[in-house]
Amino acid sequence: MNITAEKSNLANVQTIRLDFTPADYNEALKKEVREASKQVNLPGFRAGHVPTSLVERKYGAELLRGVVQKQSEKAVNEYLEGNGMVTVGGILPNPKQETYEVKPGENLSFIFDLLVVPQLEIPSDLQLECVRPVFNDEYWARYDKRLTRLRLRYNGQEGIGEGVTLHLSLSVPVELPEGEERSANEEQHWSGRHQLVVDWDELTPELQELLRGKNVKDTVVLTPEQLEHNRHILSWEYVEGDLTDPFRARVQTEGVLLTVRTLFSYEDRELTKEILLASLAAEEVDKPDSYEELLGAVHAQHERLVQLALKIASAKTGLERLASEWEFEIPIEVVSMILMLHGAKSQDIAWRAFIQRTRLREEGFFRVLHEAVKDEAKQIMDDPDRGILLLRMLLGASLMMSREEEGLFFRLLPEVQTLRTVMERSEQDERYREAFYQDRVWLNTVEAFFNKVDVTFKDVSIDELSWRESFFYVGNHTLKFRGSDKDLAEFEATLSAMNQKAEEAALQNAEGKAGEAAEESVAPESAQ
């Protein structure tokens with residue numbers, strides 16, 4: 001088999017030609033025919049005793065197609081690896097290829113296209129700033145209390161108060177038509193941006209006063225001043241980074257809306273050695289014996305977890321800068337081919353091309369990023385800390401919980417208990433395993449990037465950090481990429497063509513109705 005590269009007129013596209021002679025595939029085809037003869041059922045022959053000559057005559061072309069496909073994929077992958085190329089979108093048929101029909105005994109030639117991802121250069125002067133949390137006794141007292149809390153579905157009628165865990169959503173004001181006043185009861189007046197879970201005793205006195213007695217679906221409008229006083233509790237630093245300037249301006253004048261979504265009750269128990277042992281993720285043979293040593297090990301595990309989440313969050317700021325400067329032009333012809341291979345209707349391709357390009361850029365970016373940091377990634381081993389963080393990422397991105405309420409309840413469980421429960425589920429659910437694997441690769445790649453660049457650390461009290469919400473930020477893989485000018489021009493042209501087509505259809509419809517009305521008005525006169 002011979003593989004050669006051919007020039008393509010499309011940006012970032014590599015055309016590959018594969019030439020097969022019968023000697024390249026005969027042995028593999030004979031093996032497939034022998035295996036098939038043991039399985040096929042044909043009239044007049046006992047099962048498993050069909051002559052190979054008859055199988056080859058009847059199914060040879062179909063079996064050869066599978067053989068050639070396997071050999072083609074292997075050859076292309078070896079070619080890419082040998083030339084240090086990274087691709088996305090798979091192996092795509094070239095329009096010049098008139099047919100993919102095959103016949104045993106003949107020479108075969110195939111032409112494919114590959115969408116090649118440009119290399120990613122990590123600047124040598126790139127620097128990151130990472131927060132290093134400073135823990136204190138007050139924080140550990142709260143953490144230990146959360147370890148012992150047993151949470152149950154809330155069935156009370158008296159509403160929010162002592163012993164209640166709140167699931168809150170935070171919404172920001174949308175722009176209203178002139179003259180319309182905003183109401184906390186009208187959902188269209190607010191845009192949901194954020195959710196958080198908090199215990200009653202973690203709320204400030206101001207929030208306790210506002211929320212006391214409220215129940216599920218009740219709302220409270222926080223003024224800009226109240227929002228500022230409670231930034232830490234509401235993780236407003238995290239939310240603010242997700243707001244565009246118009247939203248932020250309205251928040252600064254009108255505030256935000258808090259909605260009670262779900263309530264849980266909790267009971268405080270005594271922190272025992274059994275609880276501490278169950279809170280250690282590592283399955284070590286020689287775990288500490290004394291209560292004090294166990295407590296110290298649990299605290300150390302939590303410190304590593306929080307620092308890891310903050311490292312990933314810091315790395316994402318650097319990746320956002322790289323993504324905004326990295327250019328990956330993706331021809332519309334390639335996007336259309338990928339969409340058609342996935343079953344998209346021709347009338348939907350123009351619109352879906354914009355979304356597909358974004359997905360291809362994101363996939364391509366992380367593939368070339370992984371190549372750029374593969375040496376650092378090899379030094380990172382999966383450990384229980386990463387397992388817990390991966391779990392929180394999955395929960396934060398709502399990838400693994402089909403029901404929101406169930407996912408929320410898992411967020412309320414102790415870290416290790418949640419990890420073990422979900423890992424048990426992943427043994428029976430392929431969707432869980434796949435999501436967990438993808439996030440593991442992503443997490444290790446981003447941490448490897450963090451280890452590759454220069455980092456300065458800034459010590460900050462843990463009380464000033466919204467570290468829980470960093471899990472949700474970490475779990476969001478989306479970055480803002482720099483699209484090419486050609487992409488933007490094509491997208492604008494697509495929108496313009498769609499609008500023009502809609503206007504023409506509306507005009508034809510109006511003319512048709514006018515014609516029908518004219519015919520109806522003439523009909524009575526003709527009858528007379």
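Residues numbered from 1 in each chain as written. Predicted model: local features only at pLDDT ≥ 70, side-chain atom pairs only at ≥ 80, totals over all residues. Heavy atoms only, no water.

1. Points about the pattern of salt bridges
Here is step 1: Tallied over the entire structure, the rule returns 17 salt bridges.
Here is step 2: For Arg321, the salt bridge is made with Glu325, and the minimal N-O distance between the two is 3.7 Å. Linking Arg321 with Glu325, this pair stays in helix 10 (residues 291–325), spanning 4 residues, or about one helical turn.
Here is step 3: The class for Arg321 is partly exposed, based on a relative accessible area of 34%.
Here is step 4: On the basis of relative accessible area, Glu325 is assigned to the partly exposed category, the value being 47%. (Salt bridge = Lys/Arg side-chain N within 4 Å of Asp/Glu carboxyl O. Helix = DSSP H or I, 4+ residues; strand = E, 2+ residues; numbered from the N terminus. Buried < 20%, exposed > 50% of the residue type's maximum accessible area, 1.4 Å probe, protein only.)

2. What about the nonpolar core?
Here is step 1: Of all hydrophobic cores here, the largest spans 45 residues; its most connected members are Leu319, Phe365, Leu369 and Phe449.
Here is step 2: Taken together, the elements giving at least two residues each to this core come down to strand 3 (87–93), strand 5 (127–134), helix 10, helix 11 (332–341), helix 12 (346–372) and helix 17 (430–452).
Here is step 3: A per-element tally of this core places helix 12 first, with 7 residues.
Here is step 4: Once residues within four sequence positions are removed from consideration, Leu369 is found in contact with Leu120, Ile122, Leu319, Thr445 and Phe449. (Core = buried A, V, L, I, M, F, W, Y, C linked by side-chain atoms within 4.5 Å. Contact = heavy atoms within 4.5 Å.)

3. Structural notes on the sheet that holds strand 1 (residues 2–6)
Here is step 1: The strand order across the open sheet formed by 4 strands is 1-2-4-3, and the pairing between neighbours is antiparallel. Both outer strands of the open sheet, strand 1 and strand 3, are each paired with one neighbouring strand and no more. Here the average twist between neighbouring strands, direction ignored, is 25°.
Here is step 2: Here 8 bridges tie strand 2 (residues 13–20) to strand 4 (residues 108–116), and the two strands are oriented antiparallel to one another. Following the sheet pairing, Thr15 is matched in strand 4 by Asp113.
Here is step 3: Packing against the sheet, helix 11 makes contact with strand 2, strand 3 and strand 4, and its axis sits at approximately 75° to strand 3. (Pairing = 2+ DSSP bridges. Axes fitted to C-alpha atoms, helices over the stretch in contact; angles between N-to-C directions.)

4. A look at the environment of Glu175
Here is step 1: In this fold, Glu175 is placed in the loop between strand 7 (164–173) and strand 8 (190–199).
Here is step 2: Taking the relative accessible area as the measure of exposure, Glu175 reaches 65% and is therefore exposed.
Here is step 3: Each C-alpha atom, one on Glu175 and one on Arg250, is 8.1 Å from the other, the two residues being 75 residues apart in sequence.

5. Observations concerning the side chain of Ser191
Here is step 1: The residue Ser191 is located in strand 8 in this model.
Here is step 2: Classification of Ser191 by relative accessible area gives buried; the value is 18%.

6. Here we look at helix 3 (residues 137–148)
Here is step 1: A rise of 1.5 Å per residue sets the reference length of helix 3, with its 12 residues, at 16 Å; its end C-alpha atoms lie 17 Å apart and thus fit the reference within 8%.
Here is step 2: Listing the buried residues of helix 3 in full gives Tyr139, Trp140, Tyr143, Asp144, Arg146, Leu147 and Thr148.
Here is step 3: Capping of helix 3 at its N-terminal end is provided by Asn136; its side-chain oxygen lies 3.2 Å from the backbone amide nitrogen of Glu138. (Expected span 1.5 Å × (residues − 1). Polar contact = N/O pair within 3.5 Å; in protein donor to acceptor, adjacent residues only side chain to side chain.)

7. Section: unusual backbone geometry
Here is step 1: In this structure, Asn12 takes a positive phi of about 60° despite not being glycine.
Here is step 2: Among the structural elements, Asn12 can be located in the loop between strand 1 and strand 2.
Here is step 3: Of note, Lys217 is a non-glycine position whose phi angle comes to about 80°, a positive value.
Here is step 4: For Lys217, a relative accessible area of 71% gives the class exposed.

8. Here we look at the environment of Gln97
Here is step 1: Within the secondary structure, Gln97 sits in the loop between strand 3 and strand 4.
Here is step 2: Residues Gln97 and Ile111, 14 residues apart in the sequence, show an inter-C-alpha distance of 6.0 Å.
Here is step 3: Ignoring sequence-local partners within four residues, the contact set of Gln97 consists of Ser109, Phe110 and Ile111.

9. A closer look at a positive patch on the surface
Here is step 1: A contiguous patch of positive charge, built from Lys30, Lys31, Arg34 and Lys70, is present on the exposed surface.
Here is step 2: Among the elements that make up the positive patch, the one with the highest residue count is helix 1 (residues 22–37) (3 residues).
Here is step 3: If you trace the backbone, Lys31 turns up in helix 1. (Patch = residues over 30% accessible without salt bridge, like charges linked within 9 Å, V, L, I, M, F, W, Y side chains within 5 Å. Areas by Shrake-Rupley, 256 points an atom, 1.4 Å probe, with all protein chains shown as cover. Lys, Arg positive; Asp, Glu negative; His and termini not counted. Charge placed at Lys NZ, Arg CZ, Asp CG, Glu CD.)

10. Some remarks on the packing of helix 1 against helix 2 (residues 52–82)
Here is step 1: Where helix 1 meets helix 2, the closest approach of the two axes is 8 Å, and the angle between their N-to-C directions is 125°. In terms of axis orientation, helix 1 runs oblique to helix 2. Where helix 1 crosses over helix 2, the two elements pack in a sense that is right-handed. The segment helix 1 lies against helix 2, with Asp24, Tyr25, Ala28, Leu29, Glu32, Val33, Arg34, Ala36 and Ser37 engaging Thr52, Val55, Glu56, Gly60, Leu63, Leu64, Val67, Lys70 and Gln71.
Here is step 2: Partitioned by chemical class, the residues of the contact of helix 1 with helix 2 number 9 nonpolar, 4 polar and 5 charged. (Parallel < 35°, antiparallel > 145°, perpendicular 65-115°, else oblique. Left-handed = near helix turned anticlockwise from the far one by under 90°. Nonpolar A, V, L, I, M, F, W, Y, C, P; charged D, E, K, R; others polar.)

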